[in-house]
Amino acid sequence: MKTGRRHITPSNGRFMHVLLGPQSMQLVADIIGLALSFALYQFVRSWSLTDVRSFSLVDHASVAVISCLYWTLVFWMGGLYRDFYIRSPLDEISAVFRMTFIGSAVIFLAIITTSSLGVRPVFVVYWAVLFFLITVGRLVARHVQGRLREVRLIRIPTLVVGTPQRVAGLIDDLKNEPAWGYDVRGIVLLDASSGPESIDGFPVIGTVDDLQGAITTGKIREVLISIDAADHDRLLNLAAEAAELGCLVKIVPDLYEIFSGQARTHQIYGSPLIDVSPQLMQPWEEIAKRASDIIVSALVLGIGAPVWAFVGLCVKLTSPGPMFFVQDRVGRNGRVFRMAKFRSMTVDDKRGPTWTDKNDPRVTPFGRFIRKTHLDEIPQLWNVLMGEMSLVGPRPEQPFYVEKFTAMLPYYRRRHKVRPGVTGWWQVKAKSNPESLEEIQQRLRYDFFYIENMSFKLDLEIMVRTVFVMLKGHGKA
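For the structure given in this document, a descriptive report is provided here. Small disclaimer: the values here were computed from a predicted structure and weren't measured.

**Observations regarding the packing of aromatic side chains**
Moving on, step 1. Enumeration over the complete set of coordinates arrives at eleven aromatic pairs.
Moving on, step 2. Judged by centre distance (5.4 Å) and plane angle (20°), the ring pair of F324 and F342 falls under stacked. Here the residue F324 occupies a position in strand β9 (residues 324-330), and F342 occupies one in strand β10 (residues 336-342), the gap between them amounting to 18 residues.
Moving on, step 3. Its relative accessible area of 37% is what places F324 among the partly exposed residues.
Moving on, step 4. Taking the relative accessible area as the measure of exposure, F342 reaches 3% and is therefore buried.
Moving on, step 5. Through a chain of ring-to-ring contacts, three or more aromatic side chains come together here, namely F97, F101, W127 and F131.

**Concerning the pattern of salt bridges**
Moving on, step 1. Applying the stated criterion to the full structure yields 13 salt bridges.
Moving on, step 2. Between R138 and E92 there is a salt bridge, with its nearest N and O atoms 2.6 Å apart. With R138 in helix α5 (residues 122-150) and E92 in helix α4 (residues 89-114), the pair connects residues that are 46 residues apart, well separated along the chain. As far as the burial class goes, R138 and E92 line up, both buried.
Moving on, step 3. D183 serves as the salt-bridge partner of R152, at 3.7 Å between the closest nitrogen and oxygen. Here the residue R152 occupies a position in the loop between α5 and β1 (156-162), and D183 occupies one in strand β2 (residues 182-189), the gap between them amounting to 31 residues.
Moving on, step 4. Three or more residues joined by partner-sharing salt bridges are found here, namely D30, E92, R138 and R142.

**Digging into the pairing of strand β6 (residues 248-251)**
Moving on, step 1. Side-chain alternation along β6 places L248 and K250 on one buried face and V249 and I251 on a second face that is also buried.
Moving on, step 2. For strand β5 (residues 222-226) and β6, the ladder comprises four bridges, and the chain directions are parallel. Bridge pairing links I225 to I251 in β6.

**Overview of the nonpolar core**
Moving on, step 1. The biggest cluster of nonpolar side chains holds 38 residues, and the ones touching the most others in it are F342, I370, W425, Y450 and I462.
Moving on, step 2. Per element, the largest residue contribution to this core is five residues, and it comes from helix α16 (residues 437-452).
Moving on, step 3. In contact with W425, not counting residues within four places along its chain, are Y446, F449, Y450, L458, E461, I462 and R465.

**Examining unusual backbone geometry**
Moving on, step 1. Even without being glycine, N333 reaches a positive phi, approximately 60°.
Moving on, step 2. By relative accessible area, N333 is classed as exposed at 52%.
Moving on, step 3. Although it is not a glycine, H374 sits at a positive phi angle of roughly 65°.
Moving on, step 4. Turning to its location among the elements, H374 is positioned in the loop between α12 (365-372) and α13 (380-385).
Moving on, step 5. Residue classification places H374 among the buried positions, given a relative accessible area of 18%.

Cut-offs and rules
Residues numbered from 1 in each chain as written. Predicted model: local features only at pLDDT ≥ 70, side-chain atom pairs only at ≥ 80, totals over all residues. Heavy atoms only, no water. Phe/Tyr/Trp six-rings, centres within 6.5 Å; stacked < 30°, edge-to-face > 60°. Helix = DSSP H or I, 4+ residues; strand = E, 2+ residues; numbered from the N terminus. Buried < 20%, exposed > 50% of the residue type's maximum accessible area, 1.4 Å probe, protein only. Salt bridge = Lys/Arg side-chain N within 4 Å of Asp/Glu carboxyl O. Pairing = 2+ DSSP bridges. Core = buried A, V, L, I, M, F, W, Y, C linked by side-chain atoms within 4.5 Å. Contact = heavy atoms within 4.5 Å.

So this is what it looks like as structure tokens:
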């Protein structure tokens, strides 16, 4: 089978997809629900209260617009404007309940602190009505979206990846469920050996070597992968490559993994699929993570400036050479930046890219102390302040090792979907620098655990653990 022998025709319905997509429908349903709940609240308020102030129609309209803007911002920060097919209707209702409650609590506090009238019981009615109308609107939008997909007014440009036998079974499922909305543009097979020209009428466009070109040319938005469970490394490589290109990846899990509980599946119209989403955190968590990076790094650098100056002076006095050790590191999206640390070793210009060995003779006595207590990492807070790093994330690696590890493990690139961190899940486990392929894979497991479970709560846990590691002196020696 010749690879890359067919071309995928890009969709010309991009505008229609945006207009009728889940996010647009959610926004329209929310605005309608917000407007109705505001109008109903004003009616109940004027009917039930005797000392209510009268407002003009322009005043009501202005407050209604501000209310809509406020709630859409709250919903956006809570991640409610993601594709609702990535969560069940029950999860959708739970998320709406949580965000309307939090948003209403903020309004309650604002009324208490700025008004002498206090919080009226009728405001509770506003929250209840708001929750009900938003929930109903979103469920209706979900139903309408399903119908539009079923009649093919909405199509999701999709690639199917796998072996001929596994792909054929998945294609049958897709044909039987038009409400999924998948528009299969082509099939990518795993092996370059001879294979069919098409499967169930869908063209075979090449092998996994053609995946990137097929995604780009066809403007693919989702990739469905169905391969044998034993081929884990290839599965990771395919999922990482597609996710890096901004595609939503869904994996058909092996039945053994489902029944043994090793794969947590996401049900879409009764079909188990595992999501690998390019979106890693909720918007509010991304904002909170970056805000904490700026606040903590600025406070530590500013308040501790005399201490850091003393540490730097000790570095200079205890061994000849510069105060800082500066090195190129690979950051988010593969960008190279200059990272600084307090120098803890003797200067060795002849030595190329390398890690520190255990009981490395190049480490100075004072350097051993600052490495054990992690004080040598303090200058990296400047990189955090500049946005090149985060307080928590996978450790940034040297370009030489990134190329080396990527050649051995192509899915290593997924580490660069997030900002590298001063500390991370792997660091608080007090692991040594990896030297073998097995050790690299073990560190990647820690990194991927963090990336796939990223949350502001997990960041806080890692930072607390880091403090205890520093106090115990469990840093590298």
